[in-house]
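Residue-level structure breakdown
For reference, the chains in residue letters:
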Amino acid sequence: MNRREPLGIAVIGAGRMGADHVRRIDRVISGARVAAVVDLDGERAKAVAAGVDGCTAHTDAAEVMASADVDAVLVASSGPAHEAALLTAFAHDLPVLCEKPLTPDAASALRVMEAEQALGHRRVQVGFMRRYDTEYVRLKALLATGQLGRPLMLHNRHRNVASPPFFTSSMLISDSVAHEVDATRWLLGHEITAVTVLRPVPSSGAPEGLRDPQFVVLETDGGALSDVEIFVNCGFGYQVQAEAVCERGTARIGDGHQLVTNMAGRWGGTIAQDWTERFAQAYDAEVQAWVDATRRGEVTGPSTWDGYAAAAVCEAGVRALEEGGRATVELAEKPALYRAEA
Ligand SMILES: NC(=O)c1ccc[n+]([C@@H]2O[C@H](COP(=O)([O-])OP(=O)(O)OC[C@H]3O[C@@H](n4cnc5c(N)ncnc54)[C@H](O)[C@@H]3O)[C@@H](O)[C@H]2O)c1
Ligand SMILES: O[C@H]1[C@H](O)[C@@H](O)[C@H](O)[C@@H](O)[C@H]1O
């Protein structure tokens, strides 16, 4: 592509993430402008587009993607709407940044992967933003040096203050642990082969009927284990932590000690309250990397294969949750289009 002028982006979905990405493209990053905002809720689209010069508001994504003013698409609608948006973007051969999950299940992710292969080139970067978080990037770089030896285990904690009213027990895996599934695959360079889900007595702070917290163990084809405490109604803050235990040492991120105070006989700091705060730098870097690559005519970052693999692992996780115990992951063969990637 190699463009001088800013990239015209259509943002599909003007909810919490979509509105935040519109702000980011308009005010934080460079090389792009928001050309259009689309939401099934027209008033929401108008409200988000209103603050942006030259941006139009719509309710029909297909109509917008056919417009000459749109060079690329950021999909931030709800997960079940992603497949249709991706297939329409492919029909116009448009580059896409698609929020996680790529799609909510492995079968639909496979359909998207087949459609991208039919184009013959990659078009999608999946929104696994932890790959752009400075702490995760440092951890991956350290593991790659080999100084700590082979990684044996990853211990992950993922805590949200409170879950939204529509959250179900399986969404703790498919919506939340999806991030640790991708982080594990990316940090270790392994595929995940089996998932075990253990369920303690639910917290009294969780909504009636929600299995919260859960303890998830991922087994990898490199012989490592990655465990995840997922607790989406912890009440006190948004915490994402990871510790790699290797043969000669350990490395840990996410303690959030940016500012430590000593006062009145106590020491301490503050805890982020949600992902927009904890991962602000990562979202900025993710969207900037997508815009820069797109303007160079390239596609980088987490691929459709990564989105598919995460969907397949999460599907096994939901099976393990519902049936109790351990479920194995059946992955399709990795297509040639994605084989060159790490
Ligand atoms: N990367 C992250 O850390 C992160 C964090 C939160 C959410 N997400 C993901 O971002 C996406 C959006 O999440 P959210 O929290 O903003 O949800 P949200 O419910 O606030 O917003 C979703 C919006 O999409 C709209 N929508 C649904 N179907 C549509 C369609 N066919 N066409 C146009 N608009 C449509 C809805 O009307 C709604 O306004 C989800 O995929 C979610 O998993 C990612
Ligand atoms: O969709 C969101 C999101 O992706 C967050 O990063 C995660 O912490 C939440 O648990 C999840 O519901």
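Residues numbered from 1 in each chain as written. Chains lettered and ligands numbered in written order. Predicted model: local features only at pLDDT ≥ 70, side-chain atom pairs only at ≥ 80, totals over all residues.

Our next topic: the overall build of the protein. Secondary structure summary: the protein contains 10 helices and 15 strands in total. The C-alpha atoms of the protein give a radius of gyration of 20 Å, which matches the 20 Å a tight globule of 342 residues would have. In terms of overall dimensions, the protein has a C-alpha envelope of 55 × 55 × 45 Å along the principal axes. Across the 342 residues of the protein, 43% fall into the buried class. For the protein, the share of sequence-separated contacts (at least 6 apart) that also reach a separation of at least 24 residues comes to 71%. (Helix = DSSP H or I, 4+ residues; strand = E, 2+ residues; numbered from the N terminus. Rg over C-alpha atoms; globule rule 2.2 N^0.38 Å. Buried ≥ 20, exposed ≤ 12 C-beta atoms within 10 Å, placed from the backbone. Contact = placed C-beta atoms within 7 Å.)

Following both chains from N to C, one finds helix 4 (residues 82-91) and helix 5 (residues 106-119) inclined at 5 degrees, their axes separated by 10 Å at the closest point. If you check the angle between helix 4 and helix 5, you find them roughly parallel. Of helix 5, the residues touching helix 4 (which contributes E83, L86, L87 and F90) are S108, R111, V112, A115, E116 and L119. Residue classes in the contact of helix 4 with helix 5 are distributed as six nonpolar, one polar and three charged. (Axes fitted to C-alpha atoms, helices over the stretch in contact; angles between N-to-C directions. Parallel < 35°, antiparallel > 145°, perpendicular 65-115°, else oblique. Nonpolar A, V, L, I, M, F, W, Y, C, P; charged D, E, K, R; others polar.)

On to the environment of A109, then. Within the secondary structure, A109 is located in helix 5. The buried category is assigned to A109, around which 28 C-beta atoms lie within 10 Å. The spacing of A109 and V48 is 61 residues in sequence and 29 Å in space, taken between C-alpha atoms. When near neighbours in sequence (up to four residues on either side) are disregarded, A109 contacts L102, T103, G307, Y308 and A311.

As a further point, take the site of ligand 2. All residues in the neighbourhood of ligand 2 are listed as N160, D175, S176, H179, V232 and W275. With three residues, the top contributor of residues to the shell around ligand 2 is helix 7 (residues 171-188). Looking at the shell around ligand 2, its residues break down into two nonpolar, three polar and one charged. (Near = placed C-beta within 6 Å.)

With respect to the secondary-structure elements, R24 resides in helix 1 (residues 16-27). Take R24: there are 20 C-beta atoms within 10 Å of it, and that puts it in the buried class. Those residues within four positions of R24 in sequence are excluded, and the remaining contacts are I29, Y283, D284 and V287.

When the pLDDT values of the protein are averaged, the result is 96; 99% of them are 70 or greater. Mean pLDDT values over the elements of the protein span from 93, in strand 14 (residues 266-268), up to 99, in strand 10 (residues 225-231). Overall fold confidence (pTM) sits at 0.97, and the ipTM for the predicted complex is 0.99. (pLDDT = per-residue confidence, 0-100.)

The next thing to look at is the sheet that holds strand 7 (residues 151-159). The seven strands lie next to each other as 12-11-7-10-9-8-15, forming an open sheet whose pairing is mixed. The sheet is open, and its two borders are formed by strand 12 (250-253) and strand 15 (325-328), each paired with just one other strand. Each strand of the sheet is rotated relative to its neighbour by a mean of 15 degrees, with strand direction disregarded. Sheet topology note: the strand 8 (residues 192-198)/strand 9 (residues 214-220) ladder contains six bridges and is antiparallel. (Pairing = 2+ DSSP bridges.)

A few words on helix 2 (residues 42-50). Within the sequence span of helix 2, burial applies to A45, V48 and A49. Down the axis of helix 2, the sector holding all buried residues measures 95 degrees, keeping them to one side. Seen from the buried face of helix 2, the exposed residues on the opposite side, beyond 90 degrees, are E43 and A50. Of the surrounding secondary structure, the elements contacted by the buried residues of helix 2 are helix 1, strand 2 (32-38) and strand 3 (56-58). (Arc of directions from axis to C-beta.)

Right, let's get into the UniProt feature "domain: Gfo/Idh/MocA-like oxidoreductase C-terminal" (unreviewed entry) in the protein. The sites that carry the UniProt feature "domain: Gfo/Idh/MocA-like oxidoreductase C-terminal" (unreviewed entry) are, in the present numbering, residues 140-329. Secondary structure across residues 140-329 comprises 34% helix and 27% strand; the distance between its end C-alpha atoms is 24 Å. (UniProt positions renumbered as here; feature names shortened; annotations may be inferred.)

Soluble, globular proteins show a tendency: their nonpolar side chains are buried together. Grouped together as the largest cluster of nonpolar side chains are 81 residues, with contacts concentrated most on I9, A10, V11, V37, V195 and V313. A total of 12 residues in this core trace back to one element, the largest contributor, which is helix 10 (residues 304-323). Counting contributing residues, this core receives three or more from each of domain 1 (7-130 + 281-303) and domain 2 (133-278 + 309-336). Not counting residues within four places of it along the chain, the set of residues in contact with V37 comprises V11, A14, V22, A45, V48, A49, C55 and A57. (Core = buried A, V, L, I, M, F, W, Y, C linked by C-beta atoms within 7 Å. Domains from an automatic or database assignment.)

The subject of this paragraph is the sheet that holds strand 4 (residues 72-75). Strand order in this open sheet of six strands is 3-2-1-4-5-6, and the pairing throughout is parallel. Both edges of this open sheet fall to strand 3 and strand 6 (124-127), since each of them pairs with a single strand only. This sheet shows a mean twist of 25 degrees between the axes of neighbouring strands, independent of strand direction. Sheet topology places strand 2 next to strand 3; three bridges connect them, and they run parallel. Note on strand 3: the bridge partner recorded for V38 is H58. Contacting strand 1 (7-12), strand 2, strand 4 and strand 5 (96-99), helix 1 runs over the sheet at an angle of about 155 degrees to strand 2.

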